[in-house]
Amino acid sequence: MNCFANFTPDNSCFFTMEKLPDLLHEQGYKKIKFKVSKTQHLLVKAKINGVAGWFILDTGASNSCVGFEGIELFKLSPENSSTKAAGAGATGMYTQIAPKNILQIGRWKTRHFPLVVFDLSHVNQALSQHKAQPVQGIIGADVLLSGHAIIDYYHGCVYLQ
């Protein structure tokens, strides 16, 4: 019985949080540990085009993104975009789109993945005011939705399928 799809009125499908990793592994999910920053942000290490960096795992961000300073680091080929970004107190920010990247988080990997490129300095400035480490970008809902994400705060990890 698939407990994630077949709940019954009599609650015959039970599992404990201790069993969650095994159940998700059986369904093809990859387990990715996260760190909790001093600012209570969830941080994951990810690779873009083979280069590692630290990213905020942000369920409220519609798209995954990197800062302009990451263009060379992550070997991006950005193109101009008419879309303006907003978030974390800033609005109307100029963006670029970098199509066709390889994104890897833990053992989960996707190809031809587009990333938004914009000025992340306001994010890192806020982090530095709290003596938290800077980040190279944000993993947003586009990854979480495509990977059927399950965030397990109990075990400190996110699962992607």
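Scope of this entry: the structure provided in the associated data block. (Residues numbered from 1 in each chain as written. Predicted model: local features only at pLDDT ≥ 70, side-chain atom pairs only at ≥ 80, totals over all residues. Heavy atoms only, no water.)

### A closer look at the overall build of the protein
The following threshold applies: Only DSSP runs of H or I covering at least 4 residues are called helices, and only runs of E covering at least 2 are called strands; the numbering of each starts at the N terminus. Note on contacts: a residue pair is in contact if any heavy atoms of the two residues lie within 4.5 Å. Accessible surface is estimated by sampling points in the Shrake-Rupley manner with a 1.4 Å probe; for residues, cover comes only from the protein chains shown.
Within the protein, the regular secondary structure consists of 4 helices and 11 strands. Long-range pairs, those at least 24 residues apart, make up 56% of the contacts in the protein between residues at least 6 apart in sequence. Only carbon and sulfur atoms are counted for the fraction: they give 54% of the accessible area of the protein, which is about 9200 Å².

### With respect to the environment of Arg107
Convention followed: Burial status follows relative accessibility: with a 1.4 Å probe on protein chains alone, a residue under 20% of its type maximum counts as buried, one over 50% as exposed, and anything between as partly exposed.
Take Arg107: it is sitting in the loop between strand E7 (90-105) and strand E8 (108-118). Of the residues examined, Arg107 reaches a relative accessible area of 56% and is grouped as exposed. Spatially, the C-alpha atoms of Arg107 and Leu160 are 9.2 Å apart, while their sequence positions differ by 53 residues.

### So, a positive patch on the surface
Threshold: The patch calculation keeps residues exceeding 30% relative accessible area without a salt bridge and links them within 9 Å when they carry like charges or within 5 Å when they are nonpolar (Val, Leu, Ile, Met, Phe, Trp, Tyr). When a carboxyl oxygen of Asp or Glu lies within 4 Å of a side-chain nitrogen of Lys or Arg, that pair is called a salt bridge. Charge counting follows a simple rule: Lys and Arg are positive, Asp and Glu are negative, and His as well as the terminal groups are ignored. Lys charges are placed at NZ, Arg charges at CZ, Asp charges at CG and Glu charges at CD.
There is a patch of like positive charges on the surface, built from Lys35, Lys45, Lys47, Lys109 and Arg111. Looking at the positive patch, the elements that each hand over two or more residues are strand E3 (42-48) and E8. Mapped onto the secondary structure, Lys109 falls in strand E8. Judged by relative accessible area, which is 43%, Lys109 ranks as partly exposed.

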